[in-house]
Every structure is written in structure tokens, then in C-alpha cells.
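The lines below spell out each chain.
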Amino acid sequence: SIPFTGSGTEEAVARTARADVQNFYQTWFKPGNAVLIIVGDTTLSEMTPKLEKMLSGWMAGSVPKKNIGSVQNEAKSVVYLMDRPGSIQSMIFAGDIAPPKSNPHEIAIETMNSILGGTFTSRINMNLREGKHWSYGARAVLSSARGQRPFIVIAPVQTDKTKESVVEVQKELEGILGKQPITEEELAKAQKDQTLKLTGAWETSSRVMSSAAEIIRFGLPEDYFKTYPDKVLSLKLPDVTAAAGEVIHLKNLVWVIVGDREKIEPGLRELGLGEIRLIDTDGKPVKEAASLK
């Protein structure tokens, strides 16, 4: 119901027929479009005849080419406001478009995001949760994708602090871009966090398989995890500072705010973040009056 495509609506699910599911399977599930990963106490010579026997009836065929094109960020910031009357919390999302996971600066980007909002002790969470007590938890997320992907700050906050929380999110984004530069201490802490936990990262077959799948899915070098610790530890402050600039574009942010419109819209308008567009629970435009008196 919540894919990044925005297509998981009640209407779309209701009109999905059995034939649609069959057609999807017949279109995409082809041996030439599949990768088989096996992890365990076995060998290729042992598995090959078993696989050939088991999959001999799987008919070959071509699959459509996926459209993973490039898109541009919004020309200027915009706010999408979804009314949820009586809500005691507001959900704040602020995001833009980040490079694919396979980009050459991915490790620096991940490290920067760890400092900004990727861990419990990150800047955003320590501000909104530990410092202000306006949120039970706030974070910044970089979802993995083969193409461009969303960078999103997510902050559920108490309704009467919606405006103030938006201000703090802005401050944190501006800060990591240069107004409050990443410190040597923050970088060292993130480097330790990302490398010391690796000792237990591949203790199970499923974890080994997951890492192999990650390399294949995103087109990473075969030695990605072998070289990962050294690449993390070799990062310098200019590397993570530059990474912030690759991901965060303040003038192009898309804000999505869900909450009690009557209580939060006046404050949001005071901030002048950009045009406020009303949307319903399916994300469709609401044609009613665009502002409250």
C-alpha cells in the first residue's frame, strides 16, 4: 500500500484482477531476468546438475526494458499538506532526489547521513527527541535503488510544535551543509559505528546471501565489502561535507506534512517554505480553498 510509486491506493488495489497478477508473472519471471544465489556447505559442481534437473522446464524469453531514467528535483520548494483532523501528531517529511546507490561517493554519503539522521545519536534525533522532546524519534533515510532514490527526513512531532519542528529540520540541513560543519569527533564516531559492527555482519548464511544480493542488485564491485572498512576509515571531513551537497538541495526540497490542518497551516504559511498544495489521503490534489481564514 505504500510503494514509492504512489500507486498503492485503495482504488488501484480494488481493480486489480487475477489476470493482472498472471500477466505480471508471465512478463517478468524469466530465467534470463533471474539471479540464483546459493550459500551453504556445497559446491557449484554439486548444485549444477540438481538445478538443471529442477529448472529444465523453465522457458526462456525476453523481458521489457525497465525505465530507470533520470529526473530533476523540483524547481523550487513546495509543501504538500494532508489534513488529518484531530491528530495529536504531525508527520513531517522533507526530501529530494539522491544519486543511485552505485554512485562513486556512496560511502561518504552514507557516513554523512549517519551523522545527520541515520543513527539514534544523530543530529536530527538528538535535537527533536533528546533536546526538544517534541518527537519520539526523527531520522534521515536514504533508500537503496538502482536509479535515483529518495532522500527523506522523517519527523513525527507533537501537533503544537509542527512549525517549530520544521524550523529545526531546516536548521539541521543548513547546518550540515556548512553553517554547522561536521566535526572530526562526529566523523570518527560514525567511522567506528560503520566498521566495528562488521565483525558480526556475516555470522549467518542468510546475511552472507543478503550481501551477495546487494552487490548483484546494485552493480557494486565484487570486492565492495572487502574494501569497505578501509574506504570508510580513509574518509576525511571534506569528503563527507561534499557528500552533503550531493544529497541535500535546500531550495528544491519537497515537504509533505500530515496533520490537523486547522492547527498547523497558519504556522506553516508563516515560514514561507513555498507554495502549499492540499492533498487527500491518496496524494491527489484537493480543489477546495487553498488556505484557512
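All values reported here derive from a predicted model rather than from experimental measurement.

Each value, and the rule that gives it
- Residues numbered from 1 in each chain as written.
- Predicted model: local features only at pLDDT ≥ 70, side-chain atom pairs only at ≥ 80, totals over all residues.
- Heavy atoms only, no water.
- Pairing = 2+ DSSP bridges.
- Helix = DSSP H or I, 4+ residues; strand = E, 2+ residues; numbered from the N terminus.
- Axes fitted to C-alpha atoms, helices over the stretch in contact; angles between N-to-C directions.
- Contact = heavy atoms within 4.5 Å.
- Salt bridge = Lys/Arg side-chain N within 4 Å of Asp/Glu carboxyl O.
- Buried < 20%, exposed > 50% of the residue type's maximum accessible area, 1.4 Å probe, protein only.
- Phe/Tyr/Trp six-rings, centres within 6.5 Å; stacked < 30°, edge-to-face > 60°.
- Lys NZ or Arg CZ within 6 Å of the ring centre and 35° of its normal.
- Nonpolar A, V, L, I, M, F, W, Y, C, P; charged D, E, K, R; others polar.
- Polar contact = N/O pair within 3.5 Å; in protein donor to acceptor, adjacent residues only side chain to side chain.
- 1 Å grid on protein atoms, 1.4 Å probe; cavity = no way out; pocket = protein on both sides within 12 Å on 5 of 7 lines; lining within 4 Å.
- Points joined across faces, edges and corners; volume = space filled by probe spheres on them.

**Here's the deal with the sheet that holds strand 5 (residues 254-259)**
Argument step 1. The strand order across the open sheet formed by six strands is 3-4-2-5-1-6, and the pairing between neighbours is mixed. Strands with a single pairing partner mark the edges of an open sheet, and in this sheet they are strand 3 (139-142) and strand 6 (275-279). Pairwise comparison of adjacent strand axes, ignoring direction, gives a mean angle of 20 degrees for this sheet.
Argument step 2. Relative to strand 5, strand 2 (residues 89-98) runs antiparallel, the two sharing five bridges. Across the sheet, residue glycine 95 finds its bridge partner in strand 5, namely valine 254.
Argument step 3. Each of strand 1 (78-83), strand 2, strand 5 and strand 6 is contacted by helix 11 (residues 261-271), which is oriented at about 165 degrees to strand 1, the strand it contacts most.

**A word on the pattern of salt bridges**
Argument step 1. According to the stated counting rule, one finds 17 salt bridges in the structure shown.
Argument step 2. Taking the shortest distance from any N to any O, the salt bridge between lysine 197 and aspartate 193 comes out at 3.9 Å.
Argument step 3. On the accessibility criterion, lysine 197 (53% relative accessible area) is exposed.
Argument step 4. Residues participating in the shared-partner salt-bridge network are Lys101, Glu106, Glu110, Arg149 and Glu214.

**Things to note about the packing of aromatic side chains**
Argument step 1. In total, this model carries four aromatic pairs according to the counting rule given.
Argument step 2. Both rings, one in tyrosine 224 and one in phenylalanine 225, keep their centres 5.0 Å apart while their planes meet at 85 degrees; by these two values the pair is edge-to-face.
Argument step 3. A connected cluster of aromatic rings, assembled from ring pairs, spans Trp202, Tyr224, Phe225 and Tyr228.
Argument step 4. Sitting above the plane of the tyrosine 136 ring, arginine 129 keeps its charged end 4.8 Å from the centroid.
Argument step 5. Above the ring of tryptophan 134, the side-chain terminus of lysine 132 is found at 5.9 Å from the ring centroid.

**Details of the packing of helix 6 (residues 162-179) against helix 11**
Argument step 1. At their nearest, the axes of helix 6 and helix 11 sit 8 Å apart, and the two run at 35 degrees to each other. From helix 6, Thr162, Lys163, Val166 and Val167 reach across to helix 11, where they touch Ile264, Gly267, Leu268, Glu270 and Leu271.
Argument step 2. Class assignment of the residues belonging to the contact of helix 6 with helix 11 gives a composition of five nonpolar, two polar and two charged.

**Examining the pairing of strand 3**
Argument step 1. The alternating pattern of strand 3 places Ala140 and Leu142 on a buried face and Arg139 and Val141 on a face that is not buried.
Argument step 2. Bridge count between strand 3 and strand 4 (residues 149-158): four bridges; the pairing is antiparallel. Counted as the bridge partner of arginine 139 is isoleucine 154 from strand 4.
Argument step 3. Hairpin connection of strand 3 to strand 4: six residues between the antiparallel strands.

**Concerning the side chain of asparagine 252**
Argument step 1. Note on placement: asparagine 252 falls in the loop between helix 10 (237-247) and strand 5.
Argument step 2. A distance of 3.4 Å separates the side chain of asparagine 252 from the backbone oxygen of alanine 75, its partner in a polar contact.
Argument step 3. Contacts of asparagine 252, omitting those with residues within four sequence positions, involve Asn73, Glu74, Ala75, Lys76, Ser77, Gly95 and Asp96.

**Some thoughts on the layout of surface pockets**
Argument step 1. Empty space within the second largest pocket amounts to approximately 690 Å³.
Argument step 2. Contributing to the lining of the second largest pocket are 25 residues, with Lys101, Glu110, Gln194, Lys197 and Tyr228 lying nearest its centre.
Argument step 3. For the lining of the second largest pocket, the secondary-structure elements that each account for two or more residues are helix 4 (106-118), strand 3, helix 7 (184-196), helix 8 (205-218) and helix 9 (224-233).
Argument step 4. Residue contributions to the lining of the second largest pocket peak at five residues, all from helix 4.
Argument step 5. Of the residues belonging to the lining of the second largest pocket, the class tally is nine nonpolar, eight polar and eight charged.

**Structural notes on the environment of lysine 132**
Argument step 1. Note on placement: lysine 132 falls in the loop between helix 5 (123-131) and strand 3.
Argument step 2. Among the residues examined, lysine 132 registers a relative accessible area of 32% and is labelled partly exposed.
Argument step 3. Each C-alpha atom of the pair lysine 132 and glutamate 164 lies 10 Å from the other, and the pair is 32 residues apart in sequence.
Argument step 4. For lysine 132, the contacting residues outside a window of four places in its chain are Asn127 and Glu168.

None of this, on its own, says anything about what the molecule does.
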